[in-house]
Amino acid sequence: MANWLRVLTISGCKPIREKSLSRVDVHSQSGHNQTILSKFGILEREFIEQYKDAKSMINDINTFKPDILSLNKAEFVRLAMYSIGNKLEIHHPNHYIPIGEKIDDNSKRLLYKVFGSGMIDAYGSAETGSIMFRTNEDEYIINNDLFALNIINNGELLVTPLYKKSIPLINYKIGDSVDYSIDNENIHIYSINGRLNDFIKTKDGELISFFEIAHVFSNNSDLYQIKIIQESIDKLVIYYVKNYDSDIDDKELERNLSDELNAHLLNRFSLDYVCVDSIAPSSNGKLRVVESMI
């Protein structure tokens, strides 16, 4: 062992000492156990309680200074907005991984601003683990050695984990669809249409997906967050968090949104707006963009 360590030192190699901080995994608590390496300060891992108040979570992050930080996307957004609103700096990890939800363009702009450019856009589920990821705007890198993917019905994704033994899953339907192409039987995935919402319902029985109007919000740099609640068959209440750097008047912003939305919704709904400081995720730590009360 001494000779091996000496060789590492002479060759200029150094131990991997990355520190990771992640939310408590409700599916497995085994990660709480310290390994032999972590006791020597190598590959340290700690957990953060995601239901703490934002100030305490930021303090935990700044104290531990993780190289890798993993939280639900909604939790990242909550911390980012709190840090900007209260002028608190957050430690920039080398990489951070928003999980649990699709990363929309508004949230991406916000997270880049607060946490830096080291975002890893990972896609997976609690049942499967991490299926694919990307670190820029290119296509996703699929973990082909661990998963077999099938795509049906114009983009519906089916997943078969190749390593899972406890509960075998074959062509597991997660509920997401993708934008993709196939080249010589190789699947290329460019974007994921995640499960963020209910459908908006109209009087004549039409179902409107959030993705039909998503660009109205995602292309608007004056917004950080939005949530649409359908209170009745002809009424939508839109809660929004405004970009702190935006100079636009609230009423003008709302008029602009109404003009764009009505171009797609055909004036079939009354649109009420509520400007808020933050939009809390639900009890599972995720944010549903559209909730229907009918």
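Data block above holds the structure.
Residues numbered from 1 in each chain as written. Predicted model: local features only at pLDDT ≥ 70, side-chain atom pairs only at ≥ 80, totals over all residues. Heavy atoms only, no water.

**Q** Hey, could you go over unusual backbone geometry for me, with residue numbers and the actual values?
**A** Located in the positive-phi region is K87, a residue other than glycine, with phi close to 55 degrees. In this fold, K87 is placed in the loop between helix 4 (73–85) and strand 4 (95–99). At N153, a residue that is not glycine, the phi angle is positive and equals roughly 50 degrees. Among the structural elements, N153 can be located in the loop between strand 8 (147–152) and strand 9 (156–161). For N153, a relative accessible area of 59% puts it in the exposed group. (Helix = DSSP H or I, 4+ residues; strand = E, 2+ residues; numbered from the N terminus. Buried < 20%, exposed > 50% of the residue type's maximum accessible area, 1.4 Å probe, protein only.)

**Q** Give me the lowdown on the nonpolar core, citing residues and values where you can.
**A** L69, L79, L110, L111 and F115 are the most contacted members of the largest nonpolar core, which totals 28 residues. If near-sequence neighbours (up to four positions away) are discounted, L110 is found in contact with V77, A80, M81, I84 and Y224. Within the second largest apolar cluster, 23 residues are counted, among which are I213, L223, L236 and V290. (Core = buried A, V, L, I, M, F, W, Y, C linked by side-chain atoms within 4.5 Å. Contact = heavy atoms within 4.5 Å.)

**Q** Please set out a nonpolar patch on the surface residue by residue, giving values where relevant.
**A** A cluster of nonpolar residues, I233, M293 and I294, forms a patch on the protein surface that exposes about 270 Å² of accessible area. For I294, the location among the structural elements is in the segment after strand 17 (290–292). (Patch = residues over 30% accessible without salt bridge, like charges linked within 9 Å, V, L, I, M, F, W, Y side chains within 5 Å. Areas by Shrake-Rupley, 256 points an atom, 1.4 Å probe, with all protein chains shown as cover. Salt bridge = Lys/Arg side-chain N within 4 Å of Asp/Glu carboxyl O.)

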